[in-house]
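# Overview (structure and organization)
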Amino acid sequence: MSAPGYTNRSSSASFGQNSPANGGAAPPFQNGETGRIMVRFCLSHPLASPAPPPSSSAQYSHQPFQQTPYAPPGSYYVQQSCQTSLPQTQPQTQTQPQPQPTLVPAPAAGPGAPLYPIVSYPSAHGCSQYGTLSSLQNPSTPGVTQIAAPLHHYNTAPPPCATGVQPGYAAGSAGQTAPTVNGQGGAGTSEVLAVSIEIQLNCGETSSSTTGSASPAPNSYDSLEGGSFPGGPPSHFTKNTQVRKNVTELICAFDPLPSLQPFPNLSQLSAALGGLSGVPELEVEALRPVNLLQERNLLPQRPQEAPEPNLSPDLKKVNCSPQTFRCTLTSIPQTQALLNKARLPLGLLLHPFRDLQQLPVITSNTIVRCRSCRTYINPFVTFLDQHRWKCNLCYRVNDVPDEFMYNPVSRSYGEPHMRPEVQNSTVEFIASSDYMLRPPQPAVYLFVLDVSHNAVEAGYLKVFCDSLLENLDKMPGDSRTRVGFLTFDSTVHFYNLQEGLSQPQMLVVSDIDDVFIPSHDSLMVNLKESRELVKDLLTSLPAMFSQSRETHSALGPALQAAFKLMSPTGGRVSVFQTQLPSLGAGKLQSREDPNQRSSTKGVQHLGPATDFYKKLALDCSGQQIGVDLFLLSSQYADLASLACVSKYSAGSIFYYPSFHHVHNPAQLQKLQKDLERYFTRKIGFEAVMRIRCTKGLSIHTFHGNFFVRSTDLLSLANVNPDSAFAVQVSIEDSLADSSLACFQAALLYTSSKGKRRIRVHTLCLPVVNQLSDVYAGADVQAITCLLANMG
Amino acid sequence: MAFTFAAFCYMLALLLTAALIFFAIWHIIAFDELKTDYKNPIDQCNTLNPLVLPEYLIHFFFCVMFFCAAEWLTLFLNLPLLAYHVWRYMSRPVMSCPGLYDPTTIMNADILAYCQKEGWCKLAFYLLSFFYYLYGCDKKKNLSVAMEILHCTLVDSSKNDRRVRHPQTTKT
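Reading the values: rules and limits
All residue numbers refer to positions counted from 1 along the written sequence of the respective chain. Numbering of ligands from 1 and lettering of chains from A proceed in the order in which they are written. Restriction of local features to residues with pLDDT of at least 70 applies here, the model being predicted, together with a cutoff of 80 or more for giving and counting side-chain atom pairs; totals for whole chains, interfaces and linings are based on all residues. Excluding hydrogens and water, the side-chain figures rest on all heavy atoms present in the structure. UniProt positions are given in the numbering used here, feature names are shortened, and annotations may be inferred rather than shown by experiment. Segments assigned H or I by DSSP are reported as helices when at least four residues long, segments assigned E as strands when at least two residues long, and all are numbered from the N terminus. The span you would expect from a helix comes to 1.5 Å times its residue count less one. Three labels apply to residues, based on accessible area from a 1.4 Å probe with only protein chains included: buried if under 20% of the type maximum, exposed if over 50%, partly exposed otherwise in between. Residue contacts are defined here by distance: any two heavy atoms, one from each residue, within 4.5 Å place the two residues in contact. What qualifies as a polar contact is a pair of N or O atoms within 3.5 Å, subject to a donor-acceptor requirement within protein and to the restriction that residues adjacent in sequence count only when both atoms come from side chains. Buried area, as used here, totals the accessible surface that two parts lose on assembly, with accessibility defined by a 1.4 Å probe and the loss added over both. What counts as a salt bridge is simple: a side-chain nitrogen of Lys or Arg found within 4 Å of a carboxyl oxygen of Asp or Glu. Residue classes follow a fixed rule: Ala, Val, Leu, Ile, Met, Phe, Trp, Tyr, Cys and Pro count as nonpolar, while Asp, Glu, Lys and Arg count as charged, and any other residue, Gly among them, counts as polar. Every axis in this analysis is a line fitted to C-alpha atoms, fitted for helices over the stretch in contact. Angles between the N-to-C directions lie between 0 and 180 degrees. For classification, angles of less than 35 degrees are called roughly parallel, those exceeding 145 degrees roughly antiparallel, those between 65 and 115 degrees roughly perpendicular, and all remaining angles oblique. Crossing handedness follows the turn of the near helix against the far one: under a right angle anticlockwise gives a left-handed crossing, and clockwise gives a right-handed one. Only strands that DSSP links by at least two bridges are regarded as paired with each other. Every residue carries a pLDDT, the predictor's confidence in it, which falls somewhere between 0 and 100. The set of buried Ala, Val, Leu, Ile, Met, Phe, Trp, Tyr and Cys residues whose side-chain atoms join them within 4.5 Å is what this entry labels a nonpolar core. Aromatic pairs are defined between Phe, Tyr and Trp rings, using the six-membered ring for Trp, whenever the two ring centres lie within 6.5 Å; interplanar angles under 30 degrees are classed as stacked, those over 60 as edge-to-face, and all others as tilted. Throughout this description, the term charge over a ring refers to an Arg CZ or Lys NZ atom that lies within 6 Å of the ring centre and within 35 degrees of the ring normal. What makes a patch is a set of residues exposed beyond 30% relative accessible area and free of salt bridges, joined within 9 Å when like-charged and within 5 Å when nonpolar (Val, Leu, Ile, Met, Phe, Trp, Tyr). Only the protein chains shown count as cover for residues, with accessible areas throughout obtained via the Shrake-Rupley method and a probe of 1.4 Å.

Going by what an unreviewed UniProt entry lists, chain B is known as Cornichon family member 1 and is assigned to Oryzias sinensis. According to UniProt, the comment filed for chain B under the heading Sequence similarities (unreviewed entry) is "Belongs to the cornichon family."

If you check an unreviewed UniProt entry, chain A appears there as SEC24 homolog B, COPII coat complex component from Oryzias sinensis. What UniProt states about chain A under its Sequence similarities (unreviewed entry) heading is, verbatim, "Belongs to the SEC23/SEC24 family. SEC24 subfamily."

And the structure:
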């Protein structure tokens, strides 16, 4: 917040410097890392916990692994604050608490980031506050911006809690009684924010195990025999105990003056809160106009926590992390009529393949599933006795198989409910051959590069080659990994990289109307065997085309050739395109009229012009080929049509408007970072995902990059840790006879090492029949995310 | 036998409506198969899409025929369906081949529900129009034909009778 009372540090200042008011040894802020892990937020002051949770303290110190490739550095302030917080939280929190509230300016996040003064209050103890907070994993779909960023929520501090700052677990216990959360908004001031945060701190243990990033190598899974997991999925306790204002009050009054006096209108607040009971249309106190040119920093300084469902503590403890699986309404309405009355969308946001710190991996002979609905056993089933269990989605009673009675973790018999599948809501099973249609495929990567004159001008090729050379060994895969390269301008060029050759051989196919593959063997080569040749090719590729004068781009034929090359195995195709495809099948016209760009009539040409790319994507999806698109064009390139090739084949789209390697260093940097993440992140091949819900609920629309193969089965050719999905749920029958609604997402995929695995996430939410409860449990960030996906 | 042109139209429409009923039933079964995951959307759309234009053209054809036969009431009853067909085809998703159904969106529950409802409504309409044409045939146009047929059969039977009786009379 740019508060008039505080100096806005200039962009050049304080990068990496520690503000002296910080309570002690703040470690120098590292510049190089992007630190986009949105965890452990700015409270680099004694407000944060002195006792970091055991499992996760070390993990946040250096996070070279980027999690948010889509956000340009420095553009979202939230990112910046992440950068500030990252190295500092844990070590710093061990310093002594200050006796009075002080304003602790946060270290600058980066050049150009103004400081955000933070008010800190003393606290005698606390657990690490944001252990669970905030890992608003931005690596959602590219269409979704960071969840926290555009919203403006403030938690109003509860008057009773404000008076006595209770260290300890008072808030935790109180949190069980109150309906949870999240009505955002309210007339908050910065003090209010700080106080509420402080209260949030003092609640029970937080184990932030699943936030943050995994190590770059894809072997951070714990195996089953490793035993119990400290904390397991993070437990999000309600920090605030009062009923918050409801979701309609997003435009809350935010007083930017972080003055030190207590809440200016505390009595008003308490009166308002007392009168509130979730009435939907309530006026906001203290609305005031905000001059956006003066106050640039309206967004909350720290990511907003996800609201917690109003469940019993033991269910809360094992419930799925909201970073993985989140519902827009944490209390499901009982009937469709109630949902309609609330006028809020009911949907799920799902980030199934996210990088996890801890993941129980279960290698069992039998995977216990319900006989009728095929749900995997999960923590929310009920065991009728030792030998029977009742499915929580279809209510069918099943038998417990004998092998399940033995618990390998504790080596005891007769306690099926202690097994890890029933103790964790996010588990991974090793799939047997019943789950395979064909032997697991190896990792196959094909790079399709535009080398027309435009591309040479833009200069991306050098960046790409350098990045790939650097990360060639870090690409996920094993000894069967294969790579191939294809370049195209007005013709398509293949590269023969067979082991015995002294240098890569280029084969040109100029018949673009009927592209054929010149030789079948060594265009896709084993990476291990032909590593030197691949490196030679990458080194010489930029120079090869530096004198190119071809202005046409035959993307369609190149994609057809790529499809033919990859059909036998499947894999990932990365397409780099710098202009409108102008030749061959799938050529596009420039249908944008530049004069209409700023017309008030509405944006036109948002749909595809041709279905060539969609059909190609469907064919690719059928052959388990995922196509990722990097669009680096400076002029109109009809992304609406080109994007279809990634959308339906479960690929990702990266867009760099006006990319140029010299004139646009910001985009260049973004490309470099994105490429680094892209090459090194985990990947799952030939994946399918199914989302199941309790009887009475059904999923009616899916949003995301995939192909819907049947009513609840999504076919994902590739799945990566940055892909996220949104679905909309409707209530078909009344849920009156069930008090809990559960959702289960199961992702069956082939890991890059050729192992077939199933990752299962289960979410449980209470069912309510009062409108006020529905509003109290509405998760504004999730709603916004769902709306962004729907649009 | 004198067939008027209008009668001929009605009889043709009768036959073609039988074909349209068949298409409507095919659609209903296809969407049901999609809903119960029996078939894959891509294959199903590839079978459904080629049927759409023929159905619309058949309906258009006998509307034109009724126009030529100056059967205004019948034409008037078919016009809303014709307009609906035109609107439906105009607002189809972008696709290069003729058809209405896009495999990427057809599995959305609202689109699937709409298509199913459309199938049932069309089936009802075509059935009603089938019986209408049948009745219309009888009532208006083919009465004369029916009378002629009846007369011929009666005449033949009476001729047979006379032949049968005649020898007896000649005997006595």
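## Focus: helix α14 (residues 555-566) of chain A
The terminal C-alpha atoms of α14 of chain A, which comprises 12 residues, lie 16 Å apart, in line with the 16 Å expected from a rise of 1.5 Å per residue. When you tally the buried positions in α14 of chain A, you get nine out of 12 residues, the bulk of the element.

## Regarding the environment of Asn526 of chain A
Residue and element names in this part refer to chain A. Secondary-structure assignment places Asn526 in strand β20 (residues 524-526). With 83 residues separating them in the primary sequence, Asn526 and Ala443 have C-alpha atoms 9.9 Å apart. The residues touching Asn526, leaving out its near neighbours within four places in the chain, are Ser479, Arg480, Thr481 and Arg482. Polar side-chain contacts of Asn526 include one of 3.0 Å to the backbone nitrogen of Lys528.

## What to know about the interface of chain A and chain B
With 16 residues of chain A at the interface, the matching set in chain B holds 15 residues. Around 1,300 Å² of area is buried between chain A and chain B when both sides are counted, 56% of it from carbon and sulfur atoms. The interface formed by chain A and chain B includes one salt bridge. Note that Asp102 of chain B and Lys614 of chain A form a salt bridge whose closest N and O atoms lie 2.7 Å from each other. The tally of links from chain A across to chain B stands at five residue pairs in polar contact (both at pLDDT 80 or more). Elements that contribute at least two residues to the side of chain A that touches chain B include exactly α15 (612-622), β25 (697-703) and β26 (707-710) of chain A. At four residues, β26 of chain A tops the list of elements feeding residues into the side of chain A that touches chain B. Taken together, the residues that form the side of chain A that touches chain B break down as seven nonpolar, five polar and four charged.

## So, the packing of helix α2 (residues 41-68) of chain B against helix α3 (residues 72-90) of chain B
For any two helices packed against each other, the geometry is given by the interaxial angle and the distance between the axes. Residue and element names in this part refer to chain B. One way to put it is that α2 packs onto α3 with a least axis distance of 9 Å and a crossing angle of 150°. Judged by the angle between their axes, α2 and α3 are roughly antiparallel. As for the relative orientation of α2 and α3, their crossing is left-handed in sense. Here Val52, Leu53, Glu55, Tyr56, His59, Phe60, Phe62, Cys63, Phe66 and Phe67 of α2 lie close against α3, whose contacting residues are Trp72, Thr74, Leu75, Asn78, Leu81, Leu82, His85, Arg88 and Tyr89.

## So, the sheet that holds β25 of chain A
Residue and element names in this part refer to chain A. Taken together, the four strands give an open sheet; going across it, the order is β6-β8-β28-β25, and neighbouring strands pair in antiparallel fashion. Each of the sheet's edge strands pairs with one partner strand only, and the pair in question is β6 (325-327) and β25. Across the sheet, the mean angle separating the axes of adjacent strands is 25° when strand polarity is ignored. As judged from the six bridges shared by β25 and strand β28 (residues 725-731), these two strands associate in the antiparallel manner. Within the sheet, the bridge partner assigned to His703 lies in β28 and is Ala726.

## As for helix α12 (residues 460-471) of chain A
Side chains that are three or four residues apart share a direction in an α-helix, a result of its 3.6 residues per turn. Its 12 residues give α12 of chain A an end-to-end C-alpha distance of 16 Å, which sits within 8% of 16 Å, the value for a rise of 1.5 Å per residue. Tyr460, Leu461, Val463, Phe464, Cys465, Ser467, Leu468 and Asn471 of chain A are the residues of α12 of chain A that are buried.

## Regarding the confidence of the model for chain A
Residues and elements named next belong to chain A. Summary statistics for chain A give a mean pLDDT of 73 and a share of 64% for residues scoring 70 or more. Looking over chain A, one finds the lowest element-wise mean pLDDT in strand β4 (residues 222-223), namely 31, and the highest in strand β22 (residues 625-631), namely 96. Counting contacts from residues 1-264, a segment whose pLDDT is below 50, to residues more than four positions away or on other chains yields 639 contacts. Low confidence marks residues 277-283, where pLDDT is under 50. Its contacts with residues over four positions away, or in another chain, come to 11 contacts.

## Quick notes on the nonpolar core
One recurring pattern in soluble globular proteins is that nonpolar side chains are buried together. Residues Ile332, Leu348, Ile691, Leu697, Leu716 and Phe743 of chain A together with Tyr101 of chain B are the most contacted members of the largest nonpolar core, which totals 59 residues. For this core, the element with the most residues is strand β29 (residues 740-751) of chain A, which contributes five residues. Once you skip the residues sitting within four places of it in the chain, Leu348 of chain A turns out to touch Phe325, Arg326, Cys327, Ile691, Phe725, Ala726, Val727, Val729, Phe743 and Leu763 of chain A. One finds Ile517, Met524, Leu555 and Leu580 of chain A within the second-largest nonpolar core, a separate group that totals 41 residues.

## Some details on the environment of Leu642 of chain A
Residue and element names in this part refer to chain A. By the element assignment, Leu642 lies in helix α16 (residues 639-642). Overall, the relative accessible area of 0% leaves Leu642 in the buried class. Considering only alpha carbons, one finds Leu642 and Gly556, 86 residues apart in sequence, at a separation of 9.9 Å. In contact with Leu642, other than residues within four places in its own chain, are Leu555, Gln577, Pro581, Leu588, Tyr613, Leu629, Leu631 and Ala637.

## Concerning unusual backbone geometry
Residue and element names in this part refer to chain A. Positioned with a positive phi, Tyr395 is a non-glycine residue whose angle comes to about 65°. Secondary-structure assignment places Tyr395 in the loop between β11 (388-390) and β12 (397-399). Tyr395 gets classed as partly exposed once you look at its relative accessible area, which sits at 31%. Positive phi, normally seen in glycine, also occurs at Glu686, with a value near 35°. By the secondary structure assignment, Glu686 is in strand β24 (residues 684-693).

## Notes on the UniProt feature "domain: Zinc finger Sec23/Sec24-type" (unreviewed entry) in chain A
The feature "domain: Zinc finger Sec23/Sec24-type" (unreviewed entry), as annotated in UniProt, sits at residues 367-404 of chain A in this numbering. Measuring from the first to the last C-alpha atom of residues 367-404 of chain A gives 9 Å, for a span that is 8% helix and 26% strand.

## Things to note about the UniProt feature "transmembrane region" (unreviewed entry) in chain B
Residue and element names in this part refer to chain B. Here, UniProt's "transmembrane region" (unreviewed entry) annotation points to residues 7-29 and 56-82. In this annotation, residues 7-29 is assigned 100% helix and 0% strand; the end-to-end C-alpha distance for the span is 33 Å. Between the end C-alpha atoms of residues 56-82 there is a gap of 8 Å, over a span that is 89% helix and 0% strand.

## Quick look at the pattern of salt bridges
For the coordinates displayed, the defined rule picks out 21 salt bridges over all chains. Here Glu428 of chain A and Arg759 of chain A are joined by a salt bridge, their closest N and O atoms 2.9 Å apart. Here Glu428 of chain A is found in strand β15 (residues 426-430), whereas its partner Arg759 of chain A is found in strand β30 (residues 756-768), with 331 residues between them in sequence. When sorted by exposure, Glu428 of chain A lands in the same class as Arg759 of chain A, which is buried. The salt bridge involving Glu118 of chain B is made with Arg88 of chain B; its shortest N-O contact spans 2.9 Å. Taken together, the residues Glu118 of chain B in helix α4 (residues 109-141) and Arg88 of chain B in helix α3 connect sequence positions 30 residues apart. With a relative accessible area of 10%, Arg88 of chain B lands in the buried category.

## A short note on the packing of aromatic side chains
For any two aromatic rings, the description comes down to two numbers: the centre-to-centre distance and the angle of the planes. Within this structure, the stated rule accounts for 32 aromatic pairs over all chains. Geometrically, the ring pair formed by Phe353 of chain A and Tyr749 of chain A is edge-to-face, given 4.7 Å between the ring centres and 75° between the ring planes. Taken as a pair, Phe353 of chain A in the loop between β8 (347-350) and β9 (360-362) and Tyr749 of chain A in strand β29 lie far apart in primary sequence, 396 residues in all. The class for Phe353 of chain A is buried, based on a relative accessible area of 1%. Here Phe67 of chain B and Trp72 of chain B contribute two aromatic rings whose centre-to-centre distance is 5.7 Å and whose plane-to-plane angle is 75°, an arrangement assigned as edge-to-face. Chaining the aromatic ring pairs together yields one cluster made of Phe447, Tyr460, Phe464, Phe485, Phe576, Phe630, Phe654, Tyr678 and Phe679 of chain A. A cation over a ring is seen here: Arg572 of chain A above Tyr678 of chain A, with NZ or CZ 4.2 Å from the ring centre. If you follow Lys682 of chain A out to its NZ or CZ, it ends over the ring of Phe353 of chain A, 4.6 Å from the centre.

## So, the sheet that holds β12 of chain A
All names here are of chain A. An order of β10-β11-β12 is seen for the three strands of this open sheet, with the pairing classed as antiparallel. Whereas interior strands pair on both sides, the edge strands pair on one side only; in this sheet they are β10 (382-385) and β12. Here the average twist between neighbouring strands, direction ignored, is 35°. Summarising the sheet, β10 and β11 pair through three bridges and their orientation is antiparallel. For Thr382, the partnering residue across the bridge sits in β11 and is Lys390.

## Some remarks on a nonpolar patch on the surface
Residues Leu73, Phe76, Leu77 and Leu79 of chain B make up a contiguous nonpolar surface patch of roughly 410 Å² in combined accessible area. Looking at the element boundaries, Leu77 of chain B is found in helix α3.

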